[in-house]
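# Observations on the model geometry
Below are the chains, spelled out letter by letter.
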Amino acid sequence: MMAFFTTCVVTVTYGERTHLLAQVLAAARECGAGSAIIVDNGTPLSAQKKLALLQKEMGADFLQIVRLPENTGSAGGFHAGLKEAASRQNVDFLWVLDDDTVPQEGALAALEAAWKRLGGSADNAIMSYRADKRAYQKVVARKFLHWIEPDAFFDFNIGHIWNGGKRRARLEGGCIELGVAAYGGIWFARSWLDRITLPPTEFYLYFDDYAFSQQIPQNGGCIWLCPESRLHDIDQSWQANTAQSDRKKMPHPWLAKSSEDRRVFYTVRNRIWLERPSVVRPWLYRLNIIGYCTVKVAGLTVLRAPKTFLSGGFLRQRIGLLARAIREGLSN
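Residues numbered from 1 in each chain as written. Predicted model: local features only at pLDDT ≥ 70, side-chain atom pairs only at ≥ 80, totals over all residues. Heavy atoms only, no water.

Ranked by internal contacts, the top residues of the largest apolar core, which has 100 residues, are Leu25, Leu94, Trp95, Ile126, Phe188 and Trp254. Aside from chain neighbours lying at most four places away, what touches Ile126 is Leu111, Ala114, Trp115, Leu118, Gly185, Ile186, Trp187, Trp224 and Cys226. (Core = buried A, V, L, I, M, F, W, Y, C linked by side-chain atoms within 4.5 Å. Buried < 20%, exposed > 50% of the residue type's maximum accessible area, 1.4 Å probe, protein only. Contact = heavy atoms within 4.5 Å.)

All right, on to the pattern of salt bridges then. Side chains that differ in sign of charge can pair as their charged atoms come close. Here the structure, examined in full by the defined rule, presents 20 salt bridges. Across the pair Glu172 and Arg170 runs a salt bridge whose closest N-O atoms are separated by 3.6 Å. The exposure class assigned to Glu172 is partly exposed, which follows from its relative accessible area of 36%. Connected through salt bridges with shared partners, the residues Arg17, Asp99, Asp100 and Asp235 form a single ionic network. (Salt bridge = Lys/Arg side-chain N within 4 Å of Asp/Glu carboxyl O.)

On the surface, Arg134, Lys138, Arg142, Lys166, Lys296 and Arg304 cluster together into a positively charged patch. Top element by residues in the positive patch is helix H5 (residues 134-142). It accounts for 3 residues. With respect to the helices and strands, Lys166 occurs in the loop between helix H6 (160-163) and strand E7 (171-172). (Patch = residues over 30% accessible without salt bridge, like charges linked within 9 Å, V, L, I, M, F, W, Y side chains within 5 Å. Areas by Shrake-Rupley, 256 points an atom, 1.4 Å probe, with all protein chains shown as cover. Lys, Arg positive; Asp, Glu negative; His and termini not counted. Charge placed at Lys NZ, Arg CZ, Asp CG, Glu CD. Helix = DSSP H or I, 4+ residues; strand = E, 2+ residues; numbered from the N terminus.)

The subject of this paragraph is the packing of aromatic side chains. Scanning the entire structure with this criterion turns up 20 aromatic pairs. Ring centres of Phe93 and Trp187 lie 3.9 Å apart, and the angle between their planes is 10°; on these two criteria the pair is classed as stacked. Within this pair, whereas Phe93 is found in strand E4 (residues 93-96), its partner Trp187 is found in strand E9 (residues 186-189), the two being separated by 94 residues in sequence. Relative to Tyr292, the ring of Trp254 lies with its centre 5.4 Å away and its plane at 50°, an arrangement referred to as tilted. Placement of the pair is Trp254 in the loop between helix H9 (244-247) and helix H10 (261-275) and Tyr292 in helix H11 (residues 282-304), with a sequence separation of 38 residues. You'll find Trp254 and Tyr292 in the same group, each marked buried. An aromatic cluster of at least three residues, connected via ring pairs, comprises Phe153, Phe154, Phe156, Phe207, Tyr210, Trp254, Tyr285 and Tyr292. The ring of Trp147 has Arg167 sitting right over it, with the charged end atom 5.0 Å from the ring centre. (Phe/Tyr/Trp six-rings, centres within 6.5 Å; stacked < 30°, edge-to-face > 60°. Lys NZ or Arg CZ within 6 Å of the ring centre and 35° of its normal.)

A few words now on the packing of helix H1 (residues 18-31) against helix H2 (residues 45-58). Helix-helix packing: each pair is described by the crossing angle between the helix axes and the interaxial distance. Viewed as axis vectors pointing N to C, H1 and H2 meet at an angle of 20°, and their least axial separation amounts to 10 Å. On the basis of the axis angle, H1 is roughly parallel to H2. Read as a crossing pair, H1 and H2 show a hand that is right-handed. The residues of H2 that touch H1, namely those facing Thr18, Leu21, Ala22, Leu25, Ala26 and Arg29, are Ala47, Lys50, Leu51, Leu54 and Met58. For the contact of H1 with H2, the per-class residue count stands at 8 nonpolar, 1 polar and 2 charged. (Axes fitted to C-alpha atoms, helices over the stretch in contact; angles between N-to-C directions. Parallel < 35°, antiparallel > 145°, perpendicular 65-115°, else oblique. Left-handed = near helix turned anticlockwise from the far one by under 90°. Nonpolar A, V, L, I, M, F, W, Y, C, P; charged D, E, K, R; others polar.)

This paragraph deals with the side chain of Thr13. By the element assignment, Thr13 lies in strand E1 (residues 7-13). Thr13 gets classed as buried once you look at its relative accessible area, which sits at 1%. With near-sequence residues (within four places) excluded, Thr13 lies in contact with Leu21, Ile38, Val39, Asp40, Asn41, Thr43, Leu51 and Asp99.

Taken together, the 2 bridges between E7 and strand E8 (residues 175-178) define a ladder with antiparallel strand orientation. From the neighbouring strand, Glu172 faces E8, where its bridge partner is Cys175. Where E7 hands over to E8, the hairpin turn is made up of 2 residues, of which Gly173 adopts a positive phi near 55°. Relative to strand E10 (residues 222-233), E8 is paired through 3 bridges, and the arrangement is antiparallel. Paired with Glu177 across the two strands is Trp224, which belongs to E10. (Pairing = 2+ DSSP bridges.)

In this section: unusual backbone geometry. For Asp155, which is not a glycine, the phi torsion comes out positive at approximately 70°. By relative accessible area, Asp155 is classed as partly exposed at 30%. For Tyr206, which is not glycine, the phi dihedral falls at a positive 75°. Positionally, Tyr206 belongs in the loop between E9 and helix H7 (208-213).

Right, here's the structure in full:
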């Protein structure tokens, strides 16, 4: 289906993932995207050759490749891609996708229809629905606002005992309000890049997308989740994307031996960096950090995978890593 507005896809790829990227681009083009900017985030020579072939197949007028000499993480990659997109004055909207999130039929048309229902203002950004992501499943099911709640740590807030609990999301035009959004699926007017800053490269991995997207509501705009615009993840993330039956048997991802140290470190440190500007009561925030680590991390792991706590050497190492991530997040 052809799109009414001019939309440019922005995504980042790394390693040997051209086979995934090709599916994303083909589907986005079928949906009506008019162009795409791909950041080659330090891929090996073999992948560079595949990307060159993909560009030849899709046409240089459709696909532009921005090459980075080394992998700068998602933050550096999307920073470079959005910086390039900011220079495109002939593009109306940007559709930021991961290199493994495949748009389903009609996904872009659904975004445009939702945008019109919400008033057709460039202030509104619309998020496609990733049915594979638990965070968005919860938003659709519970209608709570997905945002950076003051004093909460990873949405854990003991203050809910006395402050009335989680904030409800607004519902308008068949969409659900969001306070933050991931890269994979957000569609917004290119003009936003004249008003807000690019993703913070110092985050390297994780939550740079939230740090970037939260600037939209902070600067008078709105982000809306559109359940009718659907994306499908064709590659699983390192955490959380397992069947519910398996999840109940797993330790918390931070204590899983299969979780890389760097991923755990950046997840925790960057989340604190993201949350600190919203902290109103430092004592409550630190209490929530302790509560989350005690209840959600240690407590659930004891219940689900007690053998993890018998691996003394690994457990001490991982707790030390978590402590270092928390210290760095709070001190820098």
